[in-house]
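Each chain, letter by letter, is given below.
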Amino acid sequence: MEKKLRWGIISTADIGIKAVMPAIQQSATGVLAAVASRNLDKSEAVRAQFGMDKAYGTYEELLADPEIDAVYIPLPNHLHREWAIKAMEAGKHVLCEKPLALNAAEASEMAQTSARTGMVLAEAFMYRHHPRLDRVRELIEQGEIGEIRGIRSVFTFNNPDTTNIRAKREYGGGGLYDVGCYPLSAARLILGAEPVAATVQAQFSDAHDGVDMMASGLVEFPGGVGLTFDCGMWAEGREFLEILGSRGRIEVPHTFTAGEKNTAFTVYKDGISREERPEGVNSYVLEVDDVAAAAFGLRQPRFEAEDAVHNMRLIDACLQSARERRRVEL
């Protein structure tokens, strides 16, 4: 691809500095052009670190720059809707950190703006672009483990800091928003279906502004297949995906953070196990390449904006179930 997508970064958040900005520089499709922060000194420091041409002291200035084609938004969750919509209305394609919004209504408004403006809107679930997950899905489609009977997935880490941004309810804090969204999206992707109900129990901590620090639950899918999951920010770190079939199962460790390392997964069939080890790649690079391909009209994005609306609808149901202590139908 000769033409490159010129990226602007809205915020100097760690995930951008440590993962997405280096990925844009490594990609063959993008160029890191500008960064904006509400603190000009911060954006100047990041500009110098990455050798960019421009740094801005406001997000509005970056969006007004005609030489920016796309923006990456790693802002706190409660700011995703506002700045993604402003960016698309300013003629910029958008890669927005997960979860896309605070609820399905906000996500739907963002998806509608994408459709109206013709701008790409992508949710930053980098793990979905890794060839390992493509291989897992291929094996399932080939009938390697028979019919799917159930899915189990976990994603936890331990950060009890009461001052952390994830512990602020109005900012979209909590474990379901931060890491629970991964098992939920993975089950929907593996099954190629939308859930019909959710039953979730959570530990809401008063010391952490009432957000869910841990949650576990059952998500029901058509045909009686269920996802059992747990997630949170108050326990030993784990991430795992198991797909159970009528003839075998697939176990995928390091499910959501595998990149160039930890790509192996295990297939169990008829009492025999084997390891598969797909190529290690930087899934963040694949993610930004996907936005560029869609932005240049080469193909549709792998995951449409409407997919994020469906995932937010499921997160809404999980949070409602946990707060009301009941099964919630979707």
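Residues numbered from 1 in each chain as written. Predicted model: local features only at pLDDT ≥ 70, side-chain atom pairs only at ≥ 80, totals over all residues. Heavy atoms only, no water.

1. Describing the pairing of strand S9 (residues 211-220)
Most of S9 is tucked away: seven of the 10 residues are buried. Pairing between strand S8 (residues 197-205) and S9: nine bridges, direction antiparallel. Opposite Ala 202, over in S9, you have Ala 215 as the bridge partner. The antiparallel pairing of S8 with S9 creates a hairpin that spans five residues between the two strands, and Asp 209 there sits at a positive phi of about 65°. Bridge analysis of S9 against strand S10 (residues 226-232) gives seven bridges, and the strand direction is antiparallel. Bridge pairing in S10 links Gly 217 to Phe 229. The loop that links S9 with its antiparallel partner S10 comprises five residues; one of these, Gly 223, has a positive phi angle of about 85°. (Buried < 20%, exposed > 50% of the residue type's maximum accessible area, 1.4 Å probe, protein only. Helix = DSSP H or I, 4+ residues; strand = E, 2+ residues; numbered from the N terminus. Pairing = 2+ DSSP bridges.)

2. Description of empty space enclosed by the protein
Counted by the stated rule, this structure contains three cavities of 30 Å³ or more. Roughly 60 Å³ of volume is contained in the largest cavity. Lining the largest cavity, in full, are Tyr 127, His 130, Arg 132, Leu 133, Val 136, Val 252 and Thr 255. Split by residue class, the lining of the largest cavity holds four nonpolar, two polar and one charged. Put simply, the second largest cavity is a space of about 50 Å³. Surrounding the second largest cavity, Leu 95, Ala 122, Glu 123, Arg 128, His 129, Glu 287, Asp 290 and Phe 303 form its lining. Going through the elements one at a time, strand S6 (121-124) and helix H8 (283-295) are the ones with two or more residues in the lining of the second largest cavity. Broken down by class, the residue content of the lining of the second largest cavity amounts to three nonpolar, one polar and four charged. (1 Å grid on protein atoms, 1.4 Å probe; cavity = no way out; pocket = protein on both sides within 12 Å on 5 of 7 lines; lining within 4 Å. Points joined across faces, edges and corners; volume = space filled by probe spheres on them. Nonpolar A, V, L, I, M, F, W, Y, C, P; charged D, E, K, R; others polar.)

3. Observations concerning the layout of surface pockets
Estimated volume of the largest pocket: approximately 840 Å³. The wall of the largest pocket is formed by 30 residues, among which Ile 15, Glu 97, Lys 98, Arg 166 and Asp 178 lie closest to the centre. Within the residue set of the lining of the largest pocket, elements represented by two or more residues are helix H1 (14-26), strand S7 (148-158), helix H7 (175-191) and H8. In terms of residue class, the lining of the largest pocket is made up of 17 nonpolar, seven polar and six charged. Here the second largest pocket defines a volume of roughly 170 Å³.

4. A closer look at helix H4 (residues 80-89)
All of the buried residues in H4 are His 80, Trp 83, Ala 84, Ile 85, Ala 87 and Met 88. Buried residues along H4 sit against helix H3 (59-63), strand S4 (70-73), strand S5 (93-97), helix H5 (104-117) and S6. After H4 finishes, the residue Gly 91 shows a positive phi value of roughly 85°. (Contact = heavy atoms within 4.5 Å.)

5. Remarks on the packing of aromatic side chains
Scanning the model with the defined rule gives eight aromatic pairs in all. Judged by centre distance (5.9 Å) and plane angle (85°), the rings of Phe 125 and Tyr 127 are edge-to-face. Where Phe 155 meets Phe 256, the ring centres are 5.2 Å apart and the plane angle is 20°; that geometry is what we call stacked. Remark: Phe 256 occurs in the loop between strand S12 (248-253) and strand S13 (265-269) and Phe 155 occurs in strand S7; sequence separation between them is 101 residues. Taken together, the ring pairs connect Phe 125, Tyr 127, Phe 155, Tyr 182 and Phe 256 into an aromatic cluster. Taking the ring centre of Trp 83 as reference, the NZ or CZ of Lys 86 above it sits at 4.2 Å. The ring of Phe 303 carries the charged tip of Arg 128 above its face, separated from the ring centre by 3.9 Å. (Phe/Tyr/Trp six-rings, centres within 6.5 Å; stacked < 30°, edge-to-face > 60°. Lys NZ or Arg CZ within 6 Å of the ring centre and 35° of its normal.)

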